[in-house]
Amino acid sequence: MSLKDRVVRRQDLGAPLEQDESSDAILRFRAQLLREADLDALARLDATQLRARLERIAGNLLNREGPVISAEQRATLIRQIVDEMIGLGVLEPLLADESVTEIMVNGFDDIWVERGGRLAREENLKFASEAQLYQTIDRIVGAVNRRVDESSPMVDARLPSGERVNVIIPPLSLGGPCLTIRRFPTPYTIEQLIGLGSLDRPLATLLASLVRAKLNVIVSGGTGTGKTTFLNALSSFIPGDERIITVEDAAELQLQQPHVITLESRPPNVEGRGQITIRDLVRNSLRMRPDRIIVGEVRGGETLDMLQAMNTGHEGSLATVHANSPEDAVLRLETLASMTELSISFEALRDQINSAIDVFVQLTRAADGTRRVASVALVTSSHREQFQLATVSEFVADRFTEGGRSTGHYVHAGLPPHIRQRLHQRGLPVPAEFDRDLDADRFERVESAS
Ligand SMILES: Nc1ncnc2c1ncn2[C@@H]1O[C@H](COP(=O)(O)OP(=O)(O)O)[C@@H](O)[C@H]1O
Ligand SMILES: [Mg+2]
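Residues numbered from 1 in each chain as written. Chains lettered and ligands numbered in written order. Predicted model: local features only at pLDDT ≥ 70, side-chain atom pairs only at ≥ 80, totals over all residues.

### A look at the overall build of the chain
Argument step 1. Counting its regular elements, the chain contains 15 helices and 16 strands.
Argument step 2. Looking at the chain residue by residue over its 450 residues, the buried ones come to 35%.
Argument step 3. Across the chain, every contact between residues at least 6 apart in sequence was considered, and the portion connecting residues at least 24 apart equals 57%. (Helix = DSSP H or I, 4+ residues; strand = E, 2+ residues; numbered from the N terminus. Buried ≥ 20, exposed ≤ 12 C-beta atoms within 10 Å, placed from the backbone. Contact = placed C-beta atoms within 7 Å.)

Now the structure itself:
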């Protein structure tokens, strides 16, 4: 993202400024600077040149129409305007560089970046002093109403443009304040995932129809198997005229629809108060007239609320869960849902899952790092029946592979009749590979955790 975009976004978000008498002037001149400066040209300058150039433009502006002030006040005002414009100071050029995926500041004079998965030290880049690094840190965490000091020396924040930031300062960090900025890669589209061999085209078409038909989908997998990535790709099948509410611990999803509300949970503050959990947000989202609720990852009590929402008319919801197979995902949901209401029996919870969830998409990561859909299982049982899953897609790995690469192919099966009917009734495409009724003897029972 260019400097221009970020500067403009900062302004849109109304990043807080000092509420002193000069803040009006700073805002006004910054806005004018934005109008007059050629921001694309500025983005190509290095940090020192950029500051010099902006200071000159700001100086001209002040001469032309600034208030009558002392030279000292004038210098301060220029610095404030430029600081505000430059945002993260010496880090700005790194943020403007699309190839940088991670920025690591280990004390004021030791800056590292990751490009294309490789770490390298930025030899020519450093903050002028530790004080200047602290200023930048304060600006980042201040914008999200947090603070960093000795009593809260670790803080997570995010830049207005979405990058995640972690700050840890002395006494916890011995070598000075550390700042880690993680940039989100552009998420893969379904087409790209097909290209990477993460699923095949018939399966992608089927999943698109399942999402459009408003079936409830759980993406399950271990850490780093690509759950969030896949959830994001699946979400692209949600029609643009629906109101989507996403609930996450750290907002990672990047939905493209026009009507999306992004909610993010909040950890407790220094005094241990003010925590807003995923569960709070899921409950609140139900009062926001959602067409779809997307929960980044269910990890606890919110599972029960999500299941209840799915069972009370909020169809077409999507979520991820940490599990190693669809069967394991069922047990995991059961365990998570029981974390809130210990009085509910496992049977009752199982029944909630039974009627709430329609689709499990299981992801795995092969030894060579390939991430793909390992299987797709549909829930074939309904309310008050013994829980049953039917595997409709499965990746079969080749026994012998060349050069240690993970290869194989998908085996697809027919669909459970009620789901096949539902897709056809809605006029949604059902690829030939899936367009027959699955034999009932292929349904697999899942025993309860209890
Ligand atoms: N299908 C895929 N093929 C290749 N890389 C992927 C794929 N899905 C995700 N990744 C990459 O793997 C990493 C972890 O993905 P993420 O979706 O965050 O996993 P999870 O949510 O399961 O922890 C990211 O760097 C992402 O870009
Ligand atoms: Mg994730």
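Moving on, there is more to tell.
### Overview of the pairing of strand S2 (residues 111-115)
Argument step 1. Note: strand S1 (residues 100-106) against S2, five bridges, orientation antiparallel. Bridging across to S2, Val105 finds its partner in Ile111.
Argument step 2. In sequence, S1 turns back onto S2 through a hairpin of four residues, with Gly107 there showing a positive phi of about 85°.
Argument step 3. Pairing between S2 and strand S3 (residues 118-121): four bridges, direction antiparallel. Paired with Trp112 across the bridge in S3 is Arg121.
Argument step 4. Here S2 hands over to S3 after two residues, with Gly116 in that stretch at a positive phi of 55°. (Pairing = 2+ DSSP bridges.)

### A few points about the packing of helix H12 (residues 302-311) against helix H13 (residues 326-337)
Argument step 1. In the contact formed by H12 and H13, the axes pass within 7 Å of each other and the chain directions differ by 110°. Taken together, the axes of H12 and H13 lie roughly perpendicular to each other. On H13, the residues touching Thr303, Leu304 and Leu307 of H12 are Leu333, Leu336 and Ala337.
Argument step 2. Here the contact of H12 with H13 is composed, by residue class, of five nonpolar, one polar and no charged. (Axes fitted to C-alpha atoms, helices over the stretch in contact; angles between N-to-C directions. Parallel < 35°, antiparallel > 145°, perpendicular 65-115°, else oblique. Nonpolar A, V, L, I, M, F, W, Y, C, P; charged D, E, K, R; others polar.)

### Digging into the nonpolar core
Argument step 1. Counting residues in hydrophobic clusters, the biggest one holds 68 residues, and the most contacted among them are Val217, Ile218, Val295, Val359 and Val361.
Argument step 2. In this view, Val295 contacts Val247, Ile278, Val282, Glu302, Met306 and Ala319; residues no more than four positions away in its chain are not counted.
Argument step 3. Grouped together as the second largest cluster of nonpolar side chains are 22 residues, Leu91, Leu95, Phe127 and Cys178 included. (Core = buried A, V, L, I, M, F, W, Y, C linked by C-beta atoms within 7 Å.)

### Digging into the sheet that holds strand S4 (residues 154-158)
Argument step 1. Here we have six strands laid out as an open sheet, ordered S3-S2-S1-S6-S5-S4, and antiparallel in their pairing. Either end of the sheet is taken by a strand with one partner, and the two such strands are S3 and S4. Between one strand and the next, the sheet's axes are offset by a mean angle of 15°, whatever the strand orientation.

### Thoughts on the site of ligand 1
Argument step 1. Taken together, 13 residues form the shell around ligand 1, and within it Ser198, Gly226, Lys227, Thr228 and Thr229 come nearest.
Argument step 2. Across the shell around ligand 1, the residue classes tally to three nonpolar, eight polar and two charged. (Near = placed C-beta within 6 Å.)

### What to know about the environment of Val359
Argument step 1. Position of Val359 among the secondary structure elements: in strand S12 (residues 359-365).
Argument step 2. Classification of Val359 as buried rests on a count of 23 C-beta atoms within 10 Å.
Argument step 3. Apart from residues lying up to four places away in sequence, Val359 is in contact with Leu210, Leu215, Val217, Ile218, Val376 and Leu378.

### Some words on unusual backbone geometry
Argument step 1. With omega at 10°, the peptide bond leading from Pro170 into Pro171 counts as cis.
Argument step 2. Tracing the sequence through the fold places Pro171 in the loop between strand S5 (164-168) and strand S6 (178-182).
Argument step 3. Of note in this structure, Arg289 is not a glycine but carries a positive phi near 50°.

### Here we look at the confidence of the model for the chain
Argument step 1. Averaged over all residues, the pLDDT of the chain is 85; the fraction at 70 or higher stands at 89%.
Argument step 2. Taken together, the stretch residues 1-21 has pLDDT below 50 and engages in 37 contacts with residues farther than four places along the chain or on a different chain. (pLDDT = per-residue confidence, 0-100.)

### Overview of H12
One full turn of an α-helix is made of 3.6 residues, so residues set three or four places apart face in the same direction.
Argument step 1. Most of H12 sits out of view: eight of its 10 residues are buried.
Argument step 2. Considered for burial, the residues of H12 that qualify are Glu302, Thr303, Leu304, Asp305, Met306, Leu307, Ala309 and Met310.
Argument step 3. Structurally, H12 contributes buried residues whose contacts are with helix H11 (278-285), strand S10 (292-295), strand S11 (318-322), H13 and helix H14 (346-356).
Argument step 4. At the exit of H12 stands Gly313, carrying a positive phi of roughly 95°.

### Points about helix H7 (residues 130-142)
Argument step 1. Over its 13 residues, H7 runs 18 Å from end to end, which matches the ideal 18 Å to within 8%, given 1.5 Å per residue.
Argument step 2. Within the sequence span of H7, burial applies to Leu133, Thr136, Ile137 and Ile140. Taken end-on, H7 shows its buried residues confined to a sector of 100°, consistent with a single buried face. (Expected span 1.5 Å × (residues − 1). Arc of directions from axis to C-beta.)

### Notes on the packing of H13 against H14
Argument step 1. The geometry of H13 relative to H14 is characterised by a closest axis approach of 10 Å and an angle of 120° between their N-to-C directions. Classed by the angle they form, the pair H13 and H14 counts as oblique. Relative to H14, the crossing made by H13 is right-handed. Residues Val330, Leu333, Glu334 and Ala337 of H13 form the contact with H14, whose participating residues are Phe346, Leu349, Arg350, Gln352 and Ile353.
Argument step 2. Class assignment of the residues belonging to the contact of H13 with H14 gives a composition of six nonpolar, one polar and two charged. (Left-handed = near helix turned anticlockwise from the far one by under 90°.)

### Considerations on the environment of Ala250
Argument step 1. As for its placement among the helices and strands, Ala250 is situated in the loop between strand S8 (244-248) and strand S9 (260-264).
Argument step 2. The class of Ala250 is partly exposed, set by 13 C-beta atoms lying within 10 Å.
Argument step 3. Here the alpha-carbon distance between Ala250 and Ala157, two residues 93 residues apart in the chain, equals 9.4 Å.
Argument step 4. Excluding residues within four positions of it along the chain, Ala250 makes contact with Arg164 and Glu264.

### Quick look at the environment of Glu297
Argument step 1. Tracing the backbone shows Glu297 in the loop between S10 and H12.
Argument step 2. With sequence-adjacent residues up to four places away left out, Glu297 is seen in contact with Thr320 and Val321.

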